[in-house]
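Breakdown of the fold
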Amino acid sequence: MATDFGKASALGLDPIANAENGLLGFPAATPDQSFLVKPGAGADSMTSFSMVFDLYIPSDVSGTYGGLFQLGLSNSDDADFFIKKV
């Protein structure tokens, strides 16, 4: 899966709050794909990030939980951040 790093304008997006922030651009993932974010302290490491979700929840789904963020690297436990449509 191709991932692009760059300024908003270089990725074809309008600047956020009129500032040219660095962004991560990536295509839609399939249900069996994921992105691993590794924090670090080096010059090329990610030390902070924001989470933005663009969600589509079908109208026939209610009362079920969906995991949005998981900290377990082995993906062998439940997610750490959930959403529930009521």
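In this text the structure is predicted, and so the values were computed from the model without any measurement.

**Points about the overall build of the chain**
A tally of helices and strands in the chain yields 0 helices and 4 strands. Overall, the chain shows an N-to-C arrangement of helices and strands of β-β-β-β. Put simply, 21% of the contacts in the chain that link residues at least 6 apart link residues at least 24 apart. As displayed, the chain offers around 7,300 Å² of accessible surface, 54% of which is attributable to carbon and sulfur atoms.

**Here's the deal with the packing of aromatic side chains**
In the structure shown here, the tally under the stated rule is 1 aromatic pair. Relative to Phe 82, the ring of Tyr 65 has its centre 6.1 Å away and its plane inclined at 80 degrees; by these criteria the two rings are edge-to-face. With Tyr 65 in strand β3 (residues 65–69) and Phe 82 in strand β4 (residues 81–84), this residue pair connects regions lying 17 residues apart in the sequence. Look at Tyr 65 and you get exposed, because its relative accessible area is 60%. Look at Phe 82 and you get partly exposed, because its relative accessible area is 39%.

**Digging into the environment of Phe 35**
With respect to the helices and strands, the residue Phe 35 is situated in the loop between β2 (22–25) and β3. According to the relative accessible area criterion, Phe 35 is partly exposed, its value standing at 35%. When the C-alpha atoms of Phe 35 and Thr 3 are compared, they prove to be 9.8 Å apart, with 32 residues separating the residues in sequence.

The rules behind the values
- Residues numbered from 1 in each chain as written.
- Predicted model: local features only at pLDDT ≥ 70, side-chain atom pairs only at ≥ 80, totals over all residues.
- Heavy atoms only, no water.
- Helix = DSSP H or I, 4+ residues; strand = E, 2+ residues; numbered from the N terminus.
- Contact = heavy atoms within 4.5 Å.
- Areas by Shrake-Rupley, 256 points an atom, 1.4 Å probe, with all protein chains shown as cover.
- Phe/Tyr/Trp six-rings, centres within 6.5 Å; stacked < 30°, edge-to-face > 60°.
- Buried < 20%, exposed > 50% of the residue type's maximum accessible area, 1.4 Å probe, protein only.

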